[in-house]
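# Report on the structure
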Amino acid sequence: MHLYRHSLITLLLASLLFALPGIAKLNISDEVLAKIESQYNKFARKRVEGWRELVENPANHDLPEKEKLELVNKFFNSNVMFLNDIDLWNKKDYWATPLEMLSIGAGDCEDYSIAKYFTLKELGVDEDKLRITYVKAIEIDQAHMVLTYFETKRSVPLVLDNLIVDIKPASRRNDLVPVYSFNGTGLWLAKSRGEGQRVGEASKLSLWNDLERRMKEQALQ
């Protein structure tokens, strides 16, 4: 079933429009929404439609950046159910695109972080301010991933997390131990304050490479 759903996503790619240059403007056609509703249900369509409206609303682009963080964090935390990759994709680790995650209505911590990252980019937040951050979550004693936002390079980052509703500075998230962070431009050894030490390119991460390839195929990057 999961493979069939993945094939459906691929069939929808030709209907997705991509505007250049600069930040991509998401434009999912009504035809795509109808196909999603036919294959999944009306709730799948509503989720993707809500994402389209969030990104295309000019008022959202004019919001202060911290309000954009709140808007995007709330949207994905409210619309997506947490499920492990093995249950969703029959794989130990799979980084879903936002379209894949919203169509299915579920994802794991990586998927939440990735979706928030790309959506904030769509809303005009500078990529240099955003990091997908791998951490150890102490209270649940397991690896976890969050999105972090740096107002400046020396700022304590804000943490966008699917485990809690509120966006808090990393200095107030003693339950998280940062390990490394990355975005489309680089890879860093992470720390709770400041941006950390750059150690290379995000292309070192095979899962990121695969994600970028599918984002380009889906014309969403």
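Described below are features of the structure shown in this document. (Residues numbered from 1 in each chain as written. Predicted model: local features only at pLDDT ≥ 70, side-chain atom pairs only at ≥ 80, totals over all residues. Heavy atoms only, no water.)

### Remarks on the packing of helix α8 (residues 109-122) against helix α9 (residues 206-217)
- Contact pair α8 / α9: the axes reach a minimum separation of 13 Å and the direction vectors enclose 50°. In terms of orientation, α8 and α9 fall into the oblique class. As for the relative orientation of α8 and α9, their crossing is right-handed in sense. Of the residues in α9, those touching α8 at I114, Y117 and F118 are W208, L211 and M215.
- For the contact of α8 with α9, a count of residues per class yields 6 nonpolar, no polar and no charged. (Axes fitted to C-alpha atoms, helices over the stretch in contact; angles between N-to-C directions. Helix = DSSP H or I, 4+ residues; strand = E, 2+ residues; numbered from the N terminus. Parallel < 35°, antiparallel > 145°, perpendicular 65-115°, else oblique. Left-handed = near helix turned anticlockwise from the far one by under 90°. Contact = heavy atoms within 4.5 Å. Nonpolar A, V, L, I, M, F, W, Y, C, P; charged D, E, K, R; others polar.)

### Description of helix α5 (residues 65-79)
- Compared with an ideal rise of 1.5 Å per residue, which puts 15 residues at 21 Å, α5 spans 21 Å between its outermost C-alpha atoms and is within 8% of the ideal.
- What α5 keeps buried is the set K68, L69, V72, N73, F75 and F76. Within α5, the buried residues cover an arc of 160° as seen down the axis, which keeps them to one side. Facing away from the buried side of α5, by more than 90 degrees, are the exposed residues K74 and S78.
- Buried-residue contacts for α5 involve α3 (42-56), α4 (58-61), α7 (98-104), α8, β6 (142-149) and β7 (158-160). (Expected span 1.5 Å × (residues − 1). Buried < 20%, exposed > 50% of the residue type's maximum accessible area, 1.4 Å probe, protein only. Arc of directions from axis to C-beta.)

### Some points on the pairing of strand β5 (residues 130-137)
- Here β5 lies mainly inside the structure; 6 of its 8 residues are buried.
- In this structure, β5 lies alongside β6, joined through 8 bridges in antiparallel fashion. Across the sheet, the residue bridging to I132 is L147, located in β6.
- The hairpin turn running from β5 into β6, its antiparallel successor, is 4 residues long, and D141 in that turn takes a positive phi close to 50°.
- With 6 bridges connecting them, β5 and strand β9 (residues 176-183) associate as antiparallel partners. Bridged to Y134 within β9 is Y180. (Pairing = 2+ DSSP bridges.)

### A closer look at the environment of L120
- Relative to the helices and strands, L120 is located in helix α8.
- A residue is classified by how much of its surface remains accessible, and L120, at 0% relative accessible area, is buried.
- In sequence terms L120 and K68 are 52 residues apart; their C-alpha atoms lie 7.1 Å from each other.
- Once residues lying within four places of it in the same chain are set aside, the contact partners of L120 are K68, L69, V72, V125, L130, L147 and L160.

So, to be careful, I would describe these as geometric facts and stop short of saying anything about function.
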